[in-house]
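Descriptive structure summary
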Amino acid sequence: MALKELFRHWTYQAFSPGTLLRNKYNAFKELLRLDDACLELIADLEEIHYGREKADWARVVWLTEELGRTVRALIGQLQQMSPVRYMDLPEYLTKIEFYARMAVSVPDPEIVPPFVFPLAEAGTHGGRSGGKARNLGRILRETDISVPEGVVVSTSAYHYFIEANDLRGPLDEQLRNLRLDRPDDIAELSGMMRGMIMTAEVPDRLADEIEIAALELGRGGRLLAVRSSAVAEDGEASFAGQYTSELGVRASGVLDAWKSVIAGKYTPRALAYRIMHGLADPETPMATIIMPMIDAQASGVVYTRDPSPPSHVCGPDGVLSVFAVQGAGEALVSGTAVAEAAYFRRGSMRRAEKVRQSAGLPASTMKRLTGMCLELEKLFGVPQDVEWAMDTRNRLHIVQSRPVPVSAAADEDAGAAKLAGLSPVLTGGECASPGIGSGTVCQVEHCAEVDDLPEGSVLVTRNLGPALTRVIDRLSAVVARQGSRASHFASVAREFGLPVIVGVDNAFDLLPEGTDVTVDATHGIAYSGCPAGVCGLERKERLTGTHVSVSRVSGVTKRMKKAMEHISRLTLLDAQSETFAPRYCKSLHDFVRFAHEKGVAEMFSLVGRSGRGLAGAKQLKSTLPVSLYVLNLEDGLFPSAAGKKEITPDDVRSVPMWALWFGLASDKVRWNTSLPAMDWESFDRVSAGVGVSAESQQLASYAVVSHTYLHFMARFGYHLSVVDTLCEQSGKNNYINFRFKGGGGTAEQRALRLNFISSVLQRNGFFIDIRGDLLDARHPHDDDTAIQKQLAMLGLLLARTRLMDMSLFDTVQVEGLVEDFIALLEAE
């Protein structure tokens, strides 16, 4: 704090204590507001960390930075209250804030020429080539396998384009507002970001390099393909089918095609996939490959070790599967075509079964194709998912090679045992992704119309379009009339353990809208109904042991773990301990806790011996076994309280305090006078039950009052309740904020009590938000009579729920208690 602020504080202290006290009161009110804001930001980060909110990493960064700024402002208000005592606090905060910020920060982009280089050199430029180009470059360098000639436009070119147009900030601003549970917002934000890319100018130097390379590749009028090659693509996260390729491009249109591929980073499906893997936008920069188009008479996909082959073709060494279509392979990988397939048992490489004609591939060509793909498996050291094309001269070309995605599905045997007794309604389907899932059927003809699917749906649709990726976290299973195990969505489904069946022509007739079914994709069967006691997404978890909500956000959860140690982990627990000090703060949450406790302590020691200014804290004595101190800010007590250390309810003038007390002291509540209502958790921790009086301020509840304002913190046992309210006659600024957290029961019992409180408050017009064991409720503006009535209800609610969690066991019991409480209110 600046010296002039210290001087001003000392001047007020000496010559105008009343002004100092009012300033301190105003700083305290602002401190309480900032304290709530900090806890909201921490709760928002925890929602993302635990997978309950699926948001872009840009939101994580922004929330962390905003939390740092808000905590700093919070500390500033504490310093306003006592400038000298907390002078070193900002220095300790700076260190922890730095750790938190670094844990979520993304490295600055690398902008290094050359921006365009031959595909054969892709492996020599590190990560600037992207996954797809790097693999193709290695094939060119280390084998004789045919790969079309081409060039790579590097990730440095992408970063150069973004920086030259100052797009990083605007993109992040949109990304931090993106939530996967708001499909309409995703579509709108996606359109805005793609529009930014398409309307931006390509820097002259970069444009020249791309156009010169395109003219060389397109000589003789050859058409070009511009394909994505993002950094994360074809790695641990395959991004199969999530990005855009531009085909049939003339050299003169290559810049627009390049921007279109870049804009493909921001399609709804690509955004959803990246977010579910916990990757930040700058961490997935887009390189591109420009190569001549292949005039393909046949093309397709080879799995050198099929992750989910039909059971009747399996061999001890696994199966190599070939999928083929006539012409270009886009219809196959996009999921709109049914491929012709051939299976070979590894080891002997004898054909297991020819399911259909293999797209007219001669036997010699099939042999060359399987040999090339096994050579690629040997080159890369793992089974490969290979995209290939055969031109009109029967020459084979490889256009992509990446690791075969490993299925995330759990052991189906355990799930299959639970299907006993269910009647099959669909058989003979082809497994595109193994697993067992159960839910309510939702029929959607076109993949583009899936945004409104409820959680836990079994989707019945025409084909496996890549648009399904953006709602994959809401699906229990998919059944499609057509599609292929070689499609991009099938690959993504196997990554996420989502059961998928294809090739069911009459799926819409067999699985009617709104019926409950169980899908055993491994065996191509769907059953009517669900195993007993299993519902929604929970059905899949119980059937296969796969925790869907966790596995699908594991990237975010793992990545945020380190950051949350510096953000939300609370280590400052005992406000009376010597370790309750700035140097022991290990997280931003610790600083929030410290500032709040010290702010309250400052208000309780507001007035010195002189007694000038606002009155000091006074103990409220009543017939209730409640240890309560009241701090009068302005006209909250009658003049009769002047000079008293102890007051009674009759001394209270505060309108909101009287209303709350009316409920607390209701004759409808029985108080055990031998069991004082105080902070038992602190009592146990601080004294182990010895040597600390139940009347101690450190264990007490408190009320900060003015004639129309109340901030009431109730410490009744092992939970904490806060009521903050303004109750003026004008009514335009009136409100009630209520917070309830903790308890002495089990986690299930605490949740049941929150259910009770939430139900009562909702019936009384409150808006509710529950996160973990924290309930926040807000009552909107209303006239003073209505606010007083609600405060009386809150007082009764606080009194009736003191030990309620200890006696709750199921929701039926809670529902009965809610009705009893409502009846009690109506009888008043």
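Note that the coordinates shown come from a computational prediction; the quantities given were computed from them, not determined experimentally. (Residues numbered from 1 in each chain as written. Predicted model: local features only at pLDDT ≥ 70, side-chain atom pairs only at ≥ 80, totals over all residues. Heavy atoms only, no water.)

Of note, the amide linkage connecting Pro113 to Pro114 takes the cis form, showing an omega dihedral of 5°. Looking at the secondary structure, you find Pro114 in the loop between helix H4 (89–104) and strand E1 (116–118). For Met349, which is not a glycine, the phi torsion comes out positive at approximately 55°. Checked against the element boundaries, Met349 lands in the loop between strand E8 (340–345) and strand E9 (350–354). One non-glycine residue, Asn394, lies in positive phi territory at about 65°. With respect to the helices and strands, the residue Asn394 is situated in the loop between strand E10 (384–391) and strand E11 (396–403). Exposure remark for Asn394: the relative accessible area of 31% places this residue in the partly exposed category. (Helix = DSSP H or I, 4+ residues; strand = E, 2+ residues; numbered from the N terminus. Buried < 20%, exposed > 50% of the residue type's maximum accessible area, 1.4 Å probe, protein only.)

Before going further, it helps to spend a moment on the confidence of the model for the protein. When the pLDDT values of the protein are averaged, the result is 83; 83% of them are 70 or greater. When pLDDT is averaged over each helix and strand of the protein, the minimum, 36, is found for helix H18 (residues 548–551) and the maximum, 97, for strand E2 (residues 151–153). Note that pLDDT drops below 50 for residues 607–615; the model gives that stretch 17 contacts with residues more than four away or on any other chain. Predicted confidence for residues 678–694 stays below pLDDT 50, and this span has 33 contacts to residues more than four positions away or in other chains. (pLDDT = per-residue confidence, 0-100. Contact = heavy atoms within 4.5 Å.)

A separate point is the sheet that holds E2. Across the sheet, five strands lie side by side as E1-E2-E5-E3-E4; this open sheet has antiparallel pairing. Each having just a single partner strand, E1 and strand E4 (246–249) make up the two edges of the open sheet. Between one strand axis and the next, the sheet turns by 25° as a mean value, whatever way the strands run. Note: E1 against E2, three bridges, orientation antiparallel. Residue pairing in the sheet places Val116 in a bridge with Val153 of E2. Running at roughly 110° to strand E3 (residues 224–230), helix H5 (residues 130–142) makes contact with E2, E3 and strand E5 (286–292) of the sheet. (Pairing = 2+ DSSP bridges. Axes fitted to C-alpha atoms, helices over the stretch in contact; angles between N-to-C directions.)

What follows deals with the pattern of salt bridges. Under the criterion given, the structure shown has 35 salt bridges. With a closest N to O distance of 2.9 Å, Arg346 and Glu377 form a salt bridge. Residue Arg346 is located in the loop between E8 and E9, and its partner Glu377 is located in helix H13 (residues 363–380); the two are separated by 31 residues in the primary sequence. Looking at Glu377, the relative accessible area reads 14%, which means it is buried. Its salt-bridge partner being Asp776, residue Arg771 comes within 3.6 Å of it at the nearest N-O pair. Asp776 matches Arg771 in its accessibility class, with the two residues each being buried. Residues joined in a network through salt bridges with shared partners are Asp36, Glu40, Asp44, Arg739, Asp769, Arg771 and Asp776. (Salt bridge = Lys/Arg side-chain N within 4 Å of Asp/Glu carboxyl O.)

Turning our eyes to something else, we now look at a negative patch on the surface. There is a patch of like negative charges on the surface, built from Glu201, Asp204, Asp208 and Glu211. Tracing the backbone through its elements, the reader meets Asp208 in helix H9 (residues 204–217). (Patch = residues over 30% accessible without salt bridge, like charges linked within 9 Å, V, L, I, M, F, W, Y side chains within 5 Å. Areas by Shrake-Rupley, 256 points an atom, 1.4 Å probe, with all protein chains shown as cover. Lys, Arg positive; Asp, Glu negative; His and termini not counted. Charge placed at Lys NZ, Arg CZ, Asp CG, Glu CD.)

In this section: the sheet that holds strand E28 (residues 774–779). Taken together, the nine strands give an open sheet; going across it, the order is E22-E20-E21-E23-E24-E25-E26-E28-E27, and neighbouring strands pair in mixed fashion. Lying at the two open borders of the sheet, with one neighbouring strand each, are strand E22 (646–647) and strand E27 (767–771). Sheet contacts for helix H21 (residues 655–664): strand E20 (618–620), strand E21 (628–634), strand E23 (701–706), strand E24 (709–715) and strand E25 (719–726); angle to E24, the most-contacted strand, approximately 35°. Strand contacts of helix H23 (residues 747–763): E25, strand E26 (735–742), E27 and E28, with the helix running at about 165° to E26, the strand carrying the most contacts.

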